[in-house]
Amino acid sequence: MANSGVAKLACLIITLMVAAVPHAQAAITCSAVLTGLGPCLGYLKTGGAPPPACCAGLKSLNNAASTTPDRQAACSCIKNLVTNVGANPVFVNSLAGKCSVNIPYQYSPSLDCSKYAPSHKY
């Protein structure tokens, strides 16, 4: 059973890495997004209180996304992550507030990350 979880995580990482290819100019990779948000997966699926490691990862990701390409890449990676892990959009959209991180958009499956405003910090 544990091997099944490892296999799913490996497939998710590969999927996220492939999704990041169009964002070659971005310093943020989907692997980094997955690492930062990995501790959040339980919260993103079932809610409750996000663990401290989750908020620390989100804050670190927010600080690392300093350019428009970084923010757009992180946005795209998060969209893929949400889809691939079966996260609940309500919990996705409440995570930033619970971790005291300002994210100036709400997740939705139709979110166009390429139109993410350059003046905002993810």
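Before any of the text, the structure's been laid out above.
What counts and how
Residues numbered from 1 in each chain as written. Predicted model: local features only at pLDDT ≥ 70, side-chain atom pairs only at ≥ 80, totals over all residues. Heavy atoms only, no water. Phe/Tyr/Trp six-rings, centres within 6.5 Å; stacked < 30°, edge-to-face > 60°. Helix = DSSP H or I, 4+ residues; strand = E, 2+ residues; numbered from the N terminus. Salt bridge = Lys/Arg side-chain N within 4 Å of Asp/Glu carboxyl O. Buried < 20%, exposed > 50% of the residue type's maximum accessible area, 1.4 Å probe, protein only. Disulfide = S-S within 2.5 Å. Core = buried A, V, L, I, M, F, W, Y, C linked by side-chain atoms within 4.5 Å.

Kindly report on the packing of aromatic side chains, identifying the contributing residues and their values.
Inspection of every chain in the model, using the stated rule, returns one aromatic pair. Consider the rings of Tyr43 and Phe91, whose centres lie 5.8 Å apart with planes at 55°: the pair is tilted. Remark: Phe91 occurs in helix H6 (residues 89-98) and Tyr43 occurs in helix H3 (residues 41-46); sequence separation between them is 48 residues.

Residues and numbers for the pattern of salt bridges, please.
Applying the stated rule across the entire model yields one salt bridge. Among the salt bridges present, the one from Lys115 reaches Asp112, with a minimum N-O distance of 3.8 Å. By relative accessible area, which is 66% here, Lys115 ends up exposed.

Give a detailed account of the state of the cysteines, specifying residues and quantitative values.
Among covalent bonds in proteins, the disulfide is the one between the sulfur atoms of two cysteines. In this structure the tally under the stated criterion is four disulfides. One disulfide in the model links Cys55 with Cys99; its S-S distance is 2.1 Å. When the S-S torsion is -70°, as for the bridge of Cys55 with Cys99, the disulfide is left-handed. Taken together, the residues Cys55 in helix H4 (residues 52-64) and Cys99 in the segment after H6 connect sequence positions 44 residues apart. You can call Cys55 buried: its relative accessible area is 12%. Ordering the disulfide-forming cysteines of the chain by sequence position, one finds them joined as 1-6, 2-3, 4-7, 5-8.

Which residues make up the nonpolar core, and what values do they have?
In summary, soluble globular proteins display a tendency toward joint burial of nonpolar side chains. Counting 32 residues, the largest nonpolar core has Val33, Leu37, Leu44, Leu58 and Leu95 as its most contacted members. The set of elements that each furnish at least two residues to this core consists of helix H2 (30-37), H3, H4, helix H5 (68-85) and H6. The dominant element in this core, judged by the number of residues it contributes, is H5, at seven residues.

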